[in-house]
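# Architecture and fold: a report
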Amino acid sequence: MTRGKEEQRREILVLGIGNLLWADEGFGVRAVEAMQQGYVFPPRVRLLDGGTQGLYLLHHVQAARRLIVFDAVDYGLPPGTLKIVLNEEVPAFLGVKKMSLHQTGFQEVLACARLTGRYPEELVLIGVQPVELDDFGGSLREPVKAQLGPAIGVALGWLENWEVRAEPRAAPDRIDGHGLDLAAYEGQRPSERAACRRGAPRFLAARGGSEG
Amino acid sequence: MSAYETQGFKLDNSGKRVVVDPVTRIEGHLRVEVNLDGDNVIRNAVSTGTMWRGLEIILKGRDPRDAWAFTQRICGVCTGTHALTSVRAVEDALDIKIPENANIIRNLMHATLYAHDHLVHFYHLHALDWVDVVSALKADPKATSTLAQSISSWPLSSPGYFRELQERLKRFVESGQLGPFTNGYWGHPAYKLPPEANLMAVAHYLEALDFQREIVKVQTVFGGKNPHPNWLVGGVPCPINLDHTGAVGAINMERLDLVVGIIDRTIQFVDQVYIPDLLAVASFYKDWAKWGGGLASQNVLAYGEFPDQANDYTNASLLMPRGAIAGGNLKEVHDVDLKDPQQVQEFVTHSWYRYPDEAKGLHPFEGLTEPDFVLGKNTKGSKTDIRELDEGAKYSWIKAPRWRGHAMEVGPLARFLVGYAHGIPEFKEPVEMVLHKLDLPLSALFSTLGRTAARGLECSWAAHRMRYFYDKLVASIKAGNTATANVDKWEPVSWPKEARGVGFSEAPRGALGHWLKIKDTKIDSYQCVVPTTWNGSPRDAAGKIGPFEASLLDTPVAQADQPLEILRTLHSFDPCLACSTHVMSPGGEELSNVLVR
């Protein structure tokens, strides 16, 4: 890698990952969305809704000298607990026996970044232990939603360590719109009765043969 | 134990059962179970989607103009395709005509997605089924250089380049971090490439990783951002303003220059790296022209794609033609009508859904998505821990779509066969070139090798079409045409009380359809039939098997506990099911579990 490319790096990337259609899986995306709505950042900070793009996020990660990632994490903690993981502890391991590219998780993105020699110097994972994942079309559960503020606080703390000042925004800014922003997403959801949404096997098993 | 014949295949599930199940945090995606006979040949195959998709249900009651944003979140890779299909469905329902520029830009974005998706699939998913990374450490860099220079004029081919790369790889492996190469079946007897070919392929794996980030910038230019580019019912959301240099998001000369540079480099990479690699690797795996064909020699389906004329979705306009081939008769291409209730139908006899009459299929306009999770009496395990499925009963969350009663393969091979059968030179000639270079007959197309080759040829086709669409866009703009959206029917007051429409596309991995009904300005019903629904289909009321199941039959497996052969064939379809949740766990997740029973 050349020195020139190094200098082109956007210094700090704040990345939210996850699928916002799967309840608490949307935590990462909602966190970065709320951060964007609440604050203005200098140009060397970039906020990105990474969704479930997997490997397609690689170049963003490669371009960052410092990386903050919001995500749902399974560390076996009580649901709704924030978990901060730093640098080498963030797992950078993933297998190749995938059935589909969609299983390219974020660990693989990190592994590829390392393989190509363009790995962030500092990496902060701000995770939350989910309450509920098996609810397609659902939103964040209250204990997880309540951690959006503290999670953003942690991110702002790291930015401050890196001498970045975030200015609170006078009026909220929207990242996406299109019915996916939190209020519309939650407000326009059909009732559980209208939409038999508890489709995951263990719920169906629990419901027995009852009609949806 | 039961044995029966269907579609020319003999099924027998009496042998040893092998389960390949990618285990993910939530119910997973695709699981395959096969039975091996005494010689380790696959005699029965069971493909099952292990995750329930409720997209149809969460869209109910939403604004149809927002549906694209939801559908592009189903999935991590097919984002653009779902969005495109969704806006087409709404435009069809409301009879909205899009401007010429919008059509060209959509085509350009979609061709870009093809080139990007196929390249990433080949190098970063599929190549490792054929390339032994660890063997590359044994290669002679000088011989690797000679090999590389004998197959392509690609400049990164010096002995020093391969030596440096091999050193890097060595350090990586010695540090105990195989990274993306962890968990491969390295050293498996089914790997046939010499070390030099392995090293060359690993080098191109890394180059492709680097290059793919270039391609995606095209989506950012036209979609405003990436990931999750913006789409718009009625056109595209990017204004054109050639004279303006500072307008945020507007298409100007500077942006167009960026795009054309990327296009030219894409063509170069695909034609000088991907295609030569494909041919070189294939020459060592010609036995894979015998296996993995499944239904490809019988029934294939393409909805068609890339309308050259805006709003004309007939074969007169589609650059990639629509059609169905049935019974292996390449002399006759049947027309396909997605609104005809007799053509596309979904069955649930073997799927975890309930219909009033499960002997019959339902057209997606009348589709029902009512879950019914019951297991057959021969299932081993429990509802929360299925150890072995009973394929005689319901066994998948995927419905079984059929075209006029036939199970159909979709994807690049299907599209090339339909193009070939139509006699279109740009599909016919590359196919003949590959067969000639590999010295294989036409029948070799109906195989794992043929499917993988078709994807490479299509990547090249798409890269060249990117240039075509770019030139067309520039000509259109220079002729004074700057409209990119038609918003005449944007306001719901202009809509009829009830409307229905179909949006279709050819996703990189195959035919995709969205069937939409609008009532009182809201979505009343939304049914998606995605490519992997076709290819991963379970059996139907008549016991007919789907493409994945058929493709695995009769394939010999070298080692039952390392079924690389199964992965090779399944990966050749580029499978995708509504995806993708990724909860990080300490120490990494084991993604794929192979169980031999």
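Residues numbered from 1 in each chain as written. Chains lettered and ligands numbered in written order. Predicted model: local features only at pLDDT ≥ 70, side-chain atom pairs only at ≥ 80, totals over all residues.

### Side note on the overall build of chain A
The line we're drawing: Helix and strand definitions here come from DSSP, where helices need a minimum of 4 consecutive H or I residues and strands a minimum of 2 consecutive E residues; each element is numbered from the N-terminal end. Note on burial: count the other C-beta atoms lying within 10 Å of the residue's C-beta; 20 or more is buried, 12 or fewer is exposed, in between is partly exposed, and C-beta positions come from the backbone.
A count of helical and extended segments in chain A gives 8 helices and 7 strands. When each of the 212 residues of chain A is scored for burial, the buried share is 52%.

### Let's talk about the packing of helix H4 (residues 100-126) of chain B against helix H12 (residues 448-478) of chain B
Residue and element names in this part refer to chain B. Threshold: Between N-to-C directions, angles cover 0 to 180 degrees, with each direction set by a line fitted to C-alpha atoms, over the stretch in contact for helices. Working definition: roughly parallel below 35 degrees, roughly antiparallel above 145 degrees, roughly perpendicular at 65 to 115 degrees, and oblique for all remaining angles. For a crossing to be left-handed, the near helix must be turned anticlockwise from the far one by less than a right angle; the clockwise case is right-handed. Residue type decides the class: Asp, Glu, Lys and Arg count as charged, Ala, Val, Leu, Ile, Met, Phe, Trp, Tyr, Cys and Pro as nonpolar, and the leftover types, Gly among them, as polar.
Orientation of H4 relative to H12, taken along the N-to-C sense of each, is 150°, at an axis distance of 8 Å. With respect to each other, H4 and H12 are oriented roughly antiparallel. Judged by the twist between their axes, the crossing of H4 over H12 is left-handed. Each residue belonging to the contact of H4 with H12 can be placed in one class, and the counts come to 15 nonpolar, 9 polar and 5 charged.

### Section: the nonpolar core
Residue and element names in this part refer to chain B. Which entries qualify depends on this criterion: The term nonpolar core refers to a set of buried Ala, Val, Leu, Ile, Met, Phe, Trp, Tyr and Cys residues connected through C-beta atoms within 7 Å. We call two residues in contact whenever the C-beta atoms placed from their backbones are within 7 Å.
In this structure, Leu-108, Ala-115 and Leu-301 are the most contacted members of the largest nonpolar core, which totals 213 residues. When residues in this core are grouped by element, the largest group, 13 residues, is from H4. If we ignore the near neighbours within four places in the chain, the residues touching Leu-301 are Ala-324, Val-336, Trp-403, Met-408, Val-410, Ala-414, Ala-511 and Trp-534. Trp-352, Tyr-353, Ile-398 and Ala-400 belong to the second-largest nonpolar core, a separate cluster that totals 8 residues.

### Considerations on the confidence of the model for chain A
All names here are of chain A. Stated precisely, the cut-off is as follows: pLDDT is defined as a per-residue confidence score from the predictor, taking values between 0 and 100.
With 73% of its residues at a pLDDT of 70 or more, chain A shows a mean pLDDT of 77. When mean pLDDT is compared element by element in chain A, helix H6 (residues 148-161) scores highest at 96, while helix H8 (residues 201-207) scores lowest at 38. Under a pLDDT of 50 for its full length, residues 1-7 has, in the predicted model, 3 contacts with residues more than four places off or in other chains. The low-confidence segment residues 193-212, where pLDDT is below 50, has 39 contacts with residues more than four positions distant or belonging to other chains.

### Examining the packing of helix H9 (residues 253-284) of chain B against H12(B)
All names here are of chain B. Their axes nearest at 10 Å, the elements H9 and H12 cross at an angle of 160°. On the basis of the axis angle, H9 is roughly antiparallel to H12. Seen from above, H9 lies across H12 with left-handed handedness. Residues Leu-256, Val-259, Val-260, Ile-263, Thr-266, Ile-267, Val-270, Asp-271, Tyr-274, Ile-275, Leu-278 and Ala-282 of H9 pack against Leu-449, Ala-453, Gly-456, Cys-459, Ser-460, Ala-463, His-464, Met-466, Arg-467, Tyr-470 and Val-474 of H12. Among the residues forming the contact of H9 with H12, the class breakdown is 17 nonpolar, 4 polar and 2 charged.

### A few points about the environment of A:Ile152
Residue and element names in this part refer to chain A. Tracing the chain through its elements places Ile-152 in helix H6. Judged by C-beta crowding, with 20 C-beta atoms within 10 Å, Ile-152 ranks as buried. When the C-alpha atoms of Ile-152 and Ala-34 are compared, they prove to be 8.1 Å apart, with 118 residues separating the residues in sequence. When sequence neighbours within four positions are dropped, the list of residues in contact with Ile-152 reads Ala-31, Ala-34 and Met-35.

### Some points on the sheet that holds strand S16 (residues 522-529) of chain B
Residue and element names in this part refer to chain B. Rules: The pairing criterion is simple: DSSP has to find at least two bridges between the two strands.
A sheet is described by the order of its strands in space; here 3 strands give the open sequence S14-S15-S16, paired in antiparallel fashion. The sheet terminates laterally at strand S14 (498-507) and S16, the two strands that pair on one side only. Across the sheet, the mean angle from the axis of one strand to that of its neighbour is 15°, orientation sign disregarded. Of the strands in this sheet, S14 and strand S15 (510-519) are in contact with helix H3 (residues 79-94), which crosses S14 at around 145°.

### Here we look at the pairing of strand S10 (residues 344-347) of chain B
In the case of a regular strand, side chains alternate between the two sheet surfaces. Residue and element names in this part refer to chain B. Residues Val-344 and Glu-346 of S10 are buried on one face, and the alternating residues Gln-345 and Phe-347, pointing to the opposite face, are buried as well. Summarising the sheet, S10 and strand S13 (residues 400-403) pair through 4 bridges and their orientation is antiparallel. Along S13, the bridge assignment pairs Phe-347 with Ala-400.

### Re helix H4 (residues 106-115) of chain A
Residue and element names in this part refer to chain A. Burial of H4 is extensive: 9 of the 10 residues sit out of reach of the surface. Listed in full, the buried residues belonging to H4 are Phe-106, Gln-107, Glu-108, Val-109, Leu-110, Ala-111, Cys-112, Ala-113 and Leu-115. Of the residues trailing H4, Gly-117 is marked for its positive phi of about 75°.

### Structural notes on H9(B)
Helical geometry: 3.6 residues make up each α-helical turn, so side chains three or four residues apart lie on a common side. Cut-off, in case you're wondering: How far a helix is expected to stretch is found by multiplying one less than its residue total by 1.5 Å. The angle between axes fitted to the seven-residue stretch ending at a residue and the seven-residue stretch beginning at it gives the bend at that residue.
The end-to-end C-alpha distance of H9(B) is 46 Å, a good match for the 46 Å that 32 residues give at a rise of 1.5 Å each. Of all bends in H9(B), the biggest is about 30°, found at B:Val270.

### So, the pairing of strand S5 (residues 42-49) of chain B
Residues and elements named next belong to chain B. In terms of burial, S5 is a largely internal element, 8 of the 8 residues being buried. Pairing geometry for strand S4 (residues 30-36) and S5, over 7 bridges, is antiparallel. In the strand pairing of S5, Leu-30 is matched with Gly-49. The turn linking S4 back onto S5 is made up of 5 residues, and Asn-40 within it adopts a positive phi angle of 60°.

### Details of the environment of A:His60
Counting through the fold element by element, A:His60 comes out in helix H3 (residues 58-62). Leaving out residues up to four positions away in the same chain, A:His60 has contacts with A:Leu13, A:Leu15 and A:Leu48.

### Let's talk about the confidence of the model for chain B
All names here are of chain B. Taken over all residues, the pLDDT of chain B has a mean of 89, while the share at 70 or more is 91%. Per-residue pLDDT stays below 50 along residues 23-28; that stretch engages in 22 contacts with residues further than four places along the chain or on separate chains. Scored below 50 in pLDDT, residues 577-593 shows 70 contacts in the model against residues more than four places distant or in partner chains. The ipTM assigned to the predicted complex is 0.79, against a pTM of 0.89.

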